[in-house]
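The chain contents come next:
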Amino acid sequence: MRYAYFPGCSAHGTGKEYESSTQAVAKKLGMELVEIPDWNCCGATAAHGKSHLLNVALPARNLAIAEGMGLDNLTTGCAACYQQFANAYKEMTENKEIRDKVNRIIGREYKGNLKVKSLVEAIGTVDPELIKSHIVKPLSGLKVAAYYGCLLVRPPKITGFDDPENPMFMDNLMKLAGAEALDWAHKTECCGASLGVSNLGIAVRLIDKILRGVIDSGADCVVVACPFCHLNLDWHQKSVNKQLGTNYEMPVFYFTELLGLAMGINQDELGLKTHFTDTQKVLSKVG
Amino acid sequence: MAKRIGLFVCWCGSNIGGVIDVPRVAQEASKFPGVVYATDYKYMCSEPGQDMIIKAIKEHNLDRVVVASCTPRLHEPTFRKTLAKAGLNPYMFEMANIREQCSWVHSDEKEKATEKAIALVKRALAKVSKVEPLYESHIPVTKKALVIGGGIAGMQVALDIADSGHEVILVEREPTIGGKMAMLDKTFPTLDCSA
Amino acid sequence: MVAAAQHPKIKLMTYCEIVDVSGYIGNFEVTIKQKARYVDHSKCTGCGTCFEKCPSKVPSSYDFGLGTRKAIYIDFPTAVPNKPVIDAENCRYFKTGKCGICKKICPTGAVDYEQKEELIQEKVGAIVLATGFDLFEWEKAYGEYGYGRYKDVISGLHFERMSNASGLTGGKIIRPSDGKEPKSVVFIKCVGSRDEAKGKEYCSRACCMYTAKHAHQVLDKIPGSSAYVFYMDVRTPGKAYDEFYRRTVEEGVQYIRGRVSKIYPSGDKLIVMGTDTLLGRPVEVEADLVVLATAMVPSKDSDKIAQLVGCPTDKDGFFQEAHPKLRPVETMTAGLFLAGACQGPKDIPDTVSQASGAAAKVVALLSHDELATDPMISQINEALCSGCLVCKGVCPYKAIEEKTITERVHGKPVERVVASVNTGLCQGCGNCTVACRSGAANLKGFTNDQLLAEVDALCR
């Protein structure tokens, strides 16, 4: 399966573990991720507050280039990028007036033939038997809480691939990797997103609630599918501990990291050693 | 045989009369072929109004009647009975609705409303020229009722019918009657028991 | 219940289903299926020995799994008739061929494993639909309340089975998860009602009052407890209803205007997150038990009944009355009447009133020996009818029948099929006259000739 691939701005910065583990897992599964040439910012999260047209035009330019590559699907690991693309896809395919305007603005034509899938959906719809055949080091005994965040499965009329209240795609992938995916109640709560930068006081309360939920569920770690979620839950754990007097030491993994680990890919390649919160203690559980 | 149509245009107080020039409607429509009597009155459905119709049928030897007034949903049965009282077949009758379909919806265009009322009355006159007597037929009645569902509604219906002396079959798909109500504890607002 | 069972004029047929209805007002023919009970009720005395000794236990669906019943069972101690049936799916004898305990110990020999279902024909003059309601399946729609995964989030009817003194808990309100008495109970109204996104547009009408009753019962039965009600509006327009609601507020039930956005477990508690829209603030309540006032929906399979009897349903699947104000218990099919929640959500006082109304209509109908039929119905001009029977397909009242007539063609008798109108069934809708290509179908009182004359007069 070939995908037009949109790395997004965090892939080479704060989210580089996500990028490297994504590439490694995709290679194992025979998924070819073709980076969109000359891609631009997806618009998250500033554009939609500023201008509706800009908000559609930014991702639409990438969609048009990717469509020009002759591919059927675009994928991206970042939940915010995905949301932007999924929204642009909907606007461009359902609203002719917007489509004509935006195509004029970007100086290209997006016809709506290229569809948008989040990385979770792209990997989650790979034949489970194929995934299982690559699992050489099952994560037996590892209890995970899959955290989807707010943008991956909502609003359902834009995303639509998983249940907005109790999504299961990542849980199922973790089960395939041999881990135990626990039922818990905060799968789609907000992590605070950019408030982690601009208003940490609010963000720490939200992060605290999620981490408390993880601990209540009995999980050993959290699994995420968004660089921003990872940043807030991993990096800002320290801030939560400092501001609220908690003592969380909860490892936060990208789902591709754990899949990769179960596929026998080494930790350095996956980026497991560059997290803010220690990962080694929990990973020693699975050898 | 020549048709002998009677036309009665109703004011419905000010409901019609406040908008439409009722006497003009009666006068204009009376030129329609077959109309041998045309008049207007404040409330055609009232007792004096109905008496007017009966009297006119007899005096003018009318064989069919048009009443221009409100919706037939309201007073068609009333006027059919009036015709029957006067010895006519009740189906030799037609109504023109110049209230709901005219005066109420065109209250700000009185002149045009009057013209529309005349057209509506002509329509009724055309129809009544073509009507023929109709007769009801009769079918027997099996004096037994079937009630489907044995909850509070079904039980109440069954008991009320049965108390009048008629037989009732009460069918329930579950092994017991009582339905949802039997599951309930005390019921509002009096908090008495539901069984 | 007992009154209905003992009335000499009422023939009670439980564990039965309607399988066919034909005929018309005054003359319906109905086929009723008596499902196999495997217990001969003419011999059974209802002594109860069989279900005491039956070894197969099944979670009681009647009591929302609060307890168990046996494979040979009655649903509750005061059931009518107070005689058991065998649930063959869960019976050891039917599953394995072994056991047979109930048959051995029955003192009157009433247990009969060979009993077959039976079809019974009945002729009736009137039919009343009183098929009631079921609860909206919130477990399929409300993920934010846990999709039914949290045991201590229950429906109002489930709550009733607990607070009912003849239920399995003997009237004690407990948490289904651990059997403990809840100290903090949250009620959520309009779950599935007035919610276009996830449920139904309409108001279910009874929930405001039964929620007030439930909240009152919590405070009344559990000392030191607290009860919270999340609501959108409080609608209590019945006689003595608002007084009842005011009393529950004065008793200390806390009413919070706002929707609940999420329920999640925390330890053995449930955290109820919502908004108090009067204060304009988010609120969180720690609850031991959450009770949902779920919407009323038409009872399961009522769509099949609607088809059998030819009764239209509204957009939500409730049976359609003939007129929303003036003919609320009649249907567009003559001789077919409605009572209770099958026509729309209703509470008990409204149901009883409507039921008595429907009964009065039936009694008025049955008081006649003969019925006059509306003469404004369809007629077929056999000379023009080609026998194509397109009219039969478009008739919503099954009023068109085939009829074979004999004509003389060139001196010889020839048989051919024409359409014929059943004057008892025809409601004069005119569908057939529109569909008829040869102009053979005509509606008396609205003939093609008459309608054309009207159009002519208007166009002149």
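What counts, and where the lines are drawn
- Residues numbered from 1 in each chain as written.
- Chains lettered and ligands numbered in written order.
- Predicted model: local features only at pLDDT ≥ 70, side-chain atom pairs only at ≥ 80, totals over all residues.
- Heavy atoms only, no water.
- Helix = DSSP H or I, 4+ residues; strand = E, 2+ residues; numbered from the N terminus.
- Rg over C-alpha atoms; globule rule 2.2 N^0.38 Å.
- Buried < 20%, exposed > 50% of the residue type's maximum accessible area, 1.4 Å probe, protein only.
- Contact = heavy atoms within 4.5 Å.
- Areas by Shrake-Rupley, 256 points an atom, 1.4 Å probe, with all protein chains shown as cover.
- Lys, Arg positive; Asp, Glu negative; His and termini not counted.
- Charge placed at Lys NZ, Arg CZ, Asp CG, Glu CD.
- Buried area = accessible area lost by both parts, 1.4 Å probe.
- Salt bridge = Lys/Arg side-chain N within 4 Å of Asp/Glu carboxyl O.
- Polar contact = N/O pair within 3.5 Å; in protein donor to acceptor, adjacent residues only side chain to side chain.
- Nonpolar A, V, L, I, M, F, W, Y, C, P; charged D, E, K, R; others polar.
- Axes fitted to C-alpha atoms, helices over the stretch in contact; angles between N-to-C directions.
- Parallel < 35°, antiparallel > 145°, perpendicular 65-115°, else oblique.
- Left-handed = near helix turned anticlockwise from the far one by under 90°.
- Pairing = 2+ DSSP bridges.
- Domains from an automatic or database assignment.
- Right-handed = clockwise from strand over helix to strand, strands pointing away.
- Arc of directions from axis to C-beta.

Colleague: Looking at this model, I keep getting lost on the overall build of chain B. Mind explaining?
Modeller: Secondary structure summary: chain B contains 7 helices and 7 strands in total. For chain B, the sequential pattern of α-helices and β-strands runs β-α-α-β-α-β-α-β-α-α-β-β-α-β. Taking 2.2 N^0.38 as the reference for a compact globule, 195 residues should give roughly 16 Å; the C-alpha atoms of chain B span a radius of gyration of 25 Å, well beyond that estimate. Along the longest, intermediate and shortest principal axes, the C-alpha atoms of chain B span 70 × 45 × 25 Å. The proportion of buried residues among the 195 residues of chain B is 55%. The long-range share in chain B, meaning contacts at least 24 apart out of those at least 6 apart in sequence, stands at 67%. When the accessible surface of chain B is split by element, carbon and sulfur atoms take 51% of a total near 8400 Å². In chain B, the 25 positive side-chain charges and the 23 negative ones have mean positions that sit 6 Å from each other.

Colleague: Looking at this structure, I do not really get the interface of chain C and chain B. What am I missing?
Modeller: Where interface size is given, it is often the accessible area lost as the parts come together that is meant. Across the contact, 97 residues belong to chain C and 68 residues belong to chain B. Carbon and sulfur atoms make up 66% of the surface buried where chain C meets chain B, a total of about 7100 Å² over both sides. Contact with chain B buries area across many residues of chain C, yet Met1, Lys9 and Leu366 of chain C alone supply 9% of it, more than any other trio. In this structure, Arg173 of chain B and Asp301 of chain C form a salt bridge, with 3.9 Å as the shortest nitrogen-oxygen distance. If you look at where chain C meets chain B, you find 42 residue pairs in polar contact (both at pLDDT 80 or more). With 11 residues, the top contributor of residues to the side of chain C that touches chain B is helix α9 (residues 348-366) of chain C. Among the residues forming the side of chain C that touches chain B, the class breakdown is 55 nonpolar, 20 polar and 22 charged.

Colleague: Where do I start with the packing of helix α1 (residues 16-29) of chain A against helix α13 (residues 255-262) of chain A in this structure?
Modeller: Residues and elements named next belong to chain A. One way to put it is that α1 packs onto α13 with a least axis distance of 8 Å and a crossing angle of 40°. Overall, the two elements α1 and α13 adopt an arrangement that is oblique. Of the two elements, α1 crosses α13, and the hand of that crossing is left-handed. Across the interface between the two elements, Glu17, Tyr18, Ser21, Thr22 and Val25 from α1 touch Phe255, Thr256, Glu257, Leu259 and Gly260 from α13.

Colleague: What should I look at first to understand unusual backbone geometry in this one?
Modeller: If a residue is not glycine, its phi is most likely negative; likewise, a peptide bond is most likely trans. A cis amide bond links Phe188 of chain B to the next residue, Pro189 of chain B, at an omega of -10°. With respect to the secondary-structure elements, Pro189 of chain B resides in the segment after β7 (167-171). Cis rather than trans, the peptide bond between Val80 of chain C and Pro81 of chain C has omega equal to 0°. Position of Pro81 of chain C relative to the elements: it lies in the loop between β6 (72-73) and β7 (85-86). Even without glycine at this site, Phe64 of chain C takes up a positive phi of about 50°. Mapped onto the fold, Phe64 of chain C is located in the loop between β4 (57-59) and β5 (68-70). Owing to a relative accessible area of 31%, Phe64 of chain C belongs among the partly exposed residues under this scheme.

Colleague: Is there a simple way to think about the sheet that holds strand β6 (residues 180-181) of chain A in this case?
Modeller: To summarise the sheet geometry, strands pair through backbone hydrogen bonds and adopt either a parallel or an antiparallel arrangement. Residues and elements named next belong to chain A. Strands sit in the order β6-β5-β7-β8 across an open sheet of 4 strands; the sheet is parallel. What marks the edges here is a single partner per strand, and that holds for β6 and β8 (252-254). When strand β5 (residues 143-146) meets strand β7 (residues 221-224), the two strands line up parallel, connected through 3 bridges. By the bridge assignment, Val144 is partnered in β7 with Cys221.

Colleague: I'm lost on the domain arrangement of chain C in this one. Help?
Modeller: Domain annotation of chain C identifies domain 1 (36-116), domain 2 (133-297), domain 3 (299-366) and domain 4 (378-459). Look at where the C-alpha atoms of domain 1 of chain C and domain 3 of chain C centre, and you get two points 34 Å apart.

Colleague: Honestly, the pairing of strand β3 (residues 64-69) of chain B in this entry has me stumped. Any pointers?
Modeller: Residues and elements named next belong to chain B. Across the 6 residues that make up β3, a large majority, 6, are buried. Burial along β3 is two-sided: Arg64, Val66 and Ala68 facing one way and Val65, Val67 and Ser69 facing the other are all buried. Both strand β1 (residues 5-10) and β3 contribute to a ladder of 5 bridges, which runs parallel. What sits directly across from Phe8, in β3, is Val67. Bridge count for β3 against strand β4 (residues 93-97) is 5 bridges, and the pairing is parallel. Pairing of Ala68 across the sheet is with Ala96, part of β4. The handedness of the β3 to β4 crossover, carried by helix α4 (residues 72-85), is right-handed.

Colleague: What's the story with the pattern of salt bridges in this structure? I'm lost.
Modeller: Pairing between side chains becomes possible if they bear opposite charge and their charged atoms approach one another. For the structure on display, the rule yields 54 salt bridges over all chains. Glu94 of chain B serves as the salt-bridge partner of Lys127 of chain B, at 3.3 Å between the closest nitrogen and oxygen. With Lys127 of chain B in helix α6 (residues 110-130) and Glu94 of chain B in strand β4, this residue pair connects regions lying 33 residues apart in the sequence. Residue classification places Glu94 of chain B among the buried residues on the basis of a relative accessible area of 11%. Here Asp288 of chain C makes a salt bridge to Arg175 of chain C, at a shortest N to O gap of 3.9 Å. Taken together, the residues Asp288 of chain C in the loop between β17 (281-287) and β18 (289-294) and Arg175 of chain C in the loop between α5 (156-163) and β12 (184-191) connect sequence positions 113 residues apart. Arg175 of chain C shares its class with Asp288 of chain C; the two are buried. One salt-bridge network, in which partners are shared between bridges, spans Asp152, Arg175, Asp178, Lys180, Lys269 and Asp288 of chain C.

Colleague: Hey, could you run me through the interface of chain C and chain A in this one?
Modeller: Taken together, the contacts link 12 residues of chain C with 9 residues of chain A. Together, the buried faces of chain C and chain A total about 880 Å²; carbon and sulfur atoms form 42% of this surface. Three residues, Tyr147, Arg149 and Lys262 of chain C, lead the burial of chain C against chain A; their summed loss comes to 51% of the area buried on that side. The partner of Glu284 of chain C in a salt bridge is Lys209 of chain A, and the shortest N-O contact between them spans 2.9 Å. Top contributing element to the side of chain C that touches chain A by residue count: strand β15 (residues 260-266) of chain C, with 4 residues. Among the residues making up the side of chain C that touches chain A, the classes are represented as 5 nonpolar, 2 polar and 5 charged.

Colleague: It is not clear to me how helix α2 (residues 22-29) of chain B should be interpreted in this structure. Could you clarify?
Modeller: Structural remark: α-helix, 3.6 residues per turn; residues separated by three or four positions point the same way. Residue and element names in this part refer to chain B. Of all the positions in α2, only Val22, Val25, Ala26 and Ala29 are classed as buried. Buried residues of α2, viewed axially, fall in a sector of 95°; they line one side. Where α2 is buried, its residues meet β1, α1 (14-17), β2 (35-41) and α6.

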